[in-house]
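Residue-level listing of the chains:
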Amino acid sequence: MSRRDSFRPNGAIKKAVETRLTFQELKDIEEHRREILLRVSCFRRGHSCGNLDFLLSATDGSQLLYATLLSLAQAELPFWRILLFWSGTCLKEISHDLLVWLTLVIYAGIRVYANYVDFVPDSVELLEGTNVAVLGGFLSFFLVLFVNQTNERFLDMYGFSKACSGRIQDVAGLARTQLPPDVADRLVRHLHAAHIAGYVGLNAIGQGSPYSKEHFFDVYNQKHGLLNPDEMEMIDHHDMDNSGQCMKELCTWCQDDVAGARKAGHLDSYQEKSMHDYILAFRAAMDGLYDYTEQPPHFFYIHFLVLLSALYLPLFAIDTAYAAGWANEAYIGLDVLNGVIVFLQCIFVVGLRDLGTKMIDPYGDDLEDLSVILYVESTLETCKTIMDSKRAFMGMQTLPPVHNVGHSGPASVHKVRRSGPASVHFSTDDQSEAPTVSIESDEEK
């Protein structure tokens, strides 16, 4: 949170205009994020990082196809390569944590004093009766439980994001095959606009969102022509940056498009209901994102874990330092080994705590957050493929033979008569034969 940011009446962080990330900055974060996610699976053994540039040039700059090619490689990185990474690791976060450095300083100070003096303090005997391991066991339980809960929350929110993309593709497929091109295009455009506006509206709740109307929605609107100027003017009163209501209205527009297509005779009642169901499922998935974002884990729980960590790690450092030997019993090698143990305990406690905290809000600008730009662009690209399908709809001319399993005998030909644009009647006289159907037009009657 920047100093220029403020809080809303509901407690959400209100990002200052000057602190909003530009679209290029969002893209840079996204590319780095995807690079981290694909580290384990994007290299084959024996290949170097130079192959990444070759793959990108071979795909003509298509980031989606590039990511797909990278994900095809299944060989894992050797462990020593994983240890050499810095960004996107727990070590980077731990290096900025004051509690870790305080714990290490406490241990180092006691051990320097233990090697300097030539006597054993009385406090050493007093500390022998303490049992810090019990506190460590309780803390470990609560930390693992916390990470498990936030990970489940993270995966649920990921599922909601992918469900939004999936429902848009479902509507696009139905619209492409059942509606006139202009009506289908308008419906899909409005649904894409609702998708992007939904992520912008997350600014109004929780920790705020890095995705803004100016640097996110307007960029895609200009590139893909999602809403025309008149439509933009109709939703301006919602203040997209500070409300999720814009997404709600755009969903209603989509339902109006479907209802209008039904009245125009392009859809029957069953087809209309299917499209409405998919649109409402999209809105429900987007509402799920808002519900999770608006209700993070209780602050009481977070404070409880932070307090336990702040008390446990210094106590662990003191207990380990006092038990490592004094005066003539002190050894530099043993001091170093115990120091490594203290550092590993810091990695465990602070690392788990930070991991759980980062997964609470997956729609921020951290490298560990969800790839919103990838979801939006892949959905746009997939729907474009669906809407630009080269196979023209020619109408049903003939139906293939219908074979009844378990029946034999000569096939009989029966008439299928069209009584209207949306109804077909099938008649048969002998169910013991495998019938064959044909179309009889009005001119042949």
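Criteria and thresholds
Residue indices follow the written sequence of each chain, beginning from 1 at its first position. Where totals are concerned, whole chains, interfaces and linings use all residues; where local detail is concerned, this predicted model gives features only for residues with pLDDT of at least 70, and gives and counts side-chain atom pairs only at 80 or more. Hydrogens are left out, water is left out, and the side-chain values use all remaining heavy atoms of the structure. Only DSSP runs of H or I with at least four residues qualify as helices, and only runs of E with at least two residues qualify as strands; both kinds are numbered from the N terminus onward. Classification of residues uses two cut-offs on accessible area relative to the type maximum, computed with a 1.4 Å probe and protein chains only: under 20% is buried, over 50% is exposed, and between them is partly exposed. Contact definition: two residues touch when any of their heavy atoms are within 4.5 Å. For the area figures, the Shrake-Rupley method with a 1.4 Å probe applies, and any residue is considered shielded solely by the protein chains shown. The criterion is simple. A nonpolar core is a set of buried Ala, Val, Leu, Ile, Met, Phe, Trp, Tyr and Cys residues joined through side-chain atoms within 4.5 Å. Within this document, salt bridges are pairs made up of a side-chain nitrogen of Lys or Arg and a carboxyl oxygen of Asp or Glu, the two lying within 4 Å of each other. Nonpolar side chains (Val, Leu, Ile, Met, Phe, Trp, Tyr) within 5 Å and like charges within 9 Å form the patches, drawn only from residues with over 30% relative accessible area and no salt bridge. Between N-to-C directions, angles span 0 to 180 degrees; the directions come from axes that are lines fitted to C-alpha atoms, helices contributing only their stretch in contact. For classification purposes, angles smaller than 35 degrees are called roughly parallel, those larger than 145 roughly antiparallel, those between 65 and 115 roughly perpendicular, and all remaining angles oblique. Classification used: nonpolar for Ala, Val, Leu, Ile, Met, Phe, Trp, Tyr, Cys and Pro, charged for Asp, Glu, Lys and Arg, polar for all others including Gly. Here a polar contact means two N or O atoms within 3.5 Å. Within protein one must be a hydrogen donor candidate and the other an acceptor candidate, and residues neighboring in sequence count only if both atoms are side-chain atoms. Between 30 and 60 degrees the pair is tilted, below 30 it is stacked and above 60 it is edge-to-face, where a pair is any two Phe, Tyr or Trp rings, Trp via its six-membered ring, whose centres lie within 6.5 Å.

J.: When you look at the overall build of the chain in this model, what are you seeing that I'm missing?
T.: A tally of regular secondary structure across the chain gives 16 helices and five strands. Put simply, the chain has 445 residues, and 41% of those count as buried. In the chain, the share of contacts with a sequence separation of at least 24, taken over all contacts with a separation of at least 6, comes to 75%. Working note: accessible area of the chain is about 24,900 Å², and carbon and sulfur atoms make up 59% of it.

J.: How should the environment of G325 be read in this particular structure?
T.: Turning to its location among the elements, G325 is positioned in the loop between α14 (299-322) and α15 (332-358). Owing to a relative accessible area of 11%, G325 belongs among the buried residues under this scheme. Along the primary structure G325 and D335 are separated by 10 residues, whereas in three dimensions their C-alpha atoms are 8.7 Å apart.

J.: It is not clear to me how the nonpolar core should be interpreted in this structure. Could you clarify?
T.: Side chains of nonpolar character tend, in soluble globular proteins, to be buried together. Formed by 92 residues in total, the largest nonpolar core has its most connected members in L179, L187, Y199, F216, F217 and L250. The dominant element in this core, judged by the number of residues it contributes, is helix α8 (residues 132-178), at 13 residues. Once residues within four sequence positions are removed from consideration, L187 is found in contact with V171, A175, L179, C254, D257, V258, M275 and I279.

J.: I'm lost on the pattern of salt bridges in this one. Help?
T.: Side-chain pairs of opposite charge can arise where the charged atoms are in close proximity. Under the definition given, this model contains 16 salt bridges. Linking D277 and K273 is a salt bridge whose minimum nitrogen-to-oxygen distance equals 2.9 Å. Taken together, the residues D277 and K273, both in helix α13 (residues 269-294) and four residues apart, mark about one turn of the helix. Put simply, E93, K358 and E368 are held in one network by salt bridges that share partners.

J.: Is there a simple way to think about unusual backbone geometry in this case?
T.: Residues other than glycine predominantly adopt negative phi, and peptide bonds predominantly adopt the trans conformation. A positive phi angle, near 55°, is found at D239, a position not held by glycine. Along the chain, the position of D239 falls in the loop between α11 (229-235) and α12 (245-263). We classify D239 as partly exposed; its relative accessible area is 37%.

J.: Would you explain a nonpolar patch on the surface in this entry?
T.: A surface patch of nonpolar side chains, amounting to about 540 Å² of accessible area, comprises F79, W80, L83 and L84. Taking relative accessible area as the criterion, L84 reaches 65% and is therefore assigned exposed.

J.: Explain the packing of α8 against helix α9 (residues 181-200) to me, please; I cannot follow it from the model alone.
T.: Angle between the axes and distance between the axes are the two parameters that describe a pair of packed helices. Orientation of α8 relative to α9, taken along the N-to-C sense of each, is 170°, at an axis distance of 9 Å. What the angle tells us is that α8 and α9 run roughly antiparallel. Of α9, the residues touching α8 (which contributes S161, C164, S165, I168, V171, A172, A175 and R176) are A184, L187, V188, L191, H192, H195 and Y199. For the contact of α8 with α9, the class distribution of residues is 10 nonpolar, four polar and one charged.

J.: What's the story with the side chain of D241 in this structure? I'm lost.
T.: Within the element layout of this structure, D241 appears in the loop between α11 and α12. Residue D241 is classed as buried on the basis of its relative accessible area of 16%. Reaching out from D241, the side chain makes a polar contact with the backbone nitrogen of K213 at a distance of 2.8 Å.

J.: I would appreciate a short explanation of the packing of α9 against helix α16 (residues 372-387) in the present structure.
T.: In the contact formed by α9 and α16, the axes pass within 11 Å of each other and the chain directions differ by 175°. The pairing of α9 with α16 is recorded here as roughly antiparallel in orientation. Side by side, α9 and α16 meet where A184, D185, V188, H192, H195, I196 and Y199 of the first sit next to V372, Y375, V376, T379, L380, C383 and M387 of the second.

J.: Would you mind going over the packing of aromatic side chains with me for this structure?
T.: Each aromatic ring pair is summarised here by two numbers: the centre-to-centre distance and the angle between the ring planes. Scanning the model with the defined rule gives 12 aromatic pairs in all. Relative to F304, the ring of F142 lies with its centre 5.2 Å away and its plane at 90°, an arrangement referred to as edge-to-face. A residue pair is termed long-range when its members are at least 10 positions apart, and F142 in helix α8 and F304 in helix α14 qualify at 162 residues. Exposure remark for F304: the relative accessible area of 29% places this residue in the partly exposed category. For the ring pair Y322 and W326, a centre distance of 5.2 Å and an interplane angle of 50° mean the geometry is tilted. Here Y322 falls in the buried class, since its relative accessible area comes to 19%. Among the aromatic residues, those joined into a ring-pair cluster are F23, Y211, F216 and Y220.

J.: What should I look at first to understand the environment of A261 in this one?
T.: You can see A261 is positioned in helix α12. Sequence separation of A261 and V183 is 78 residues, and the distance between their C-alpha atoms is 7.4 Å.

Any functional reading would require information beyond the geometric quantities listed.
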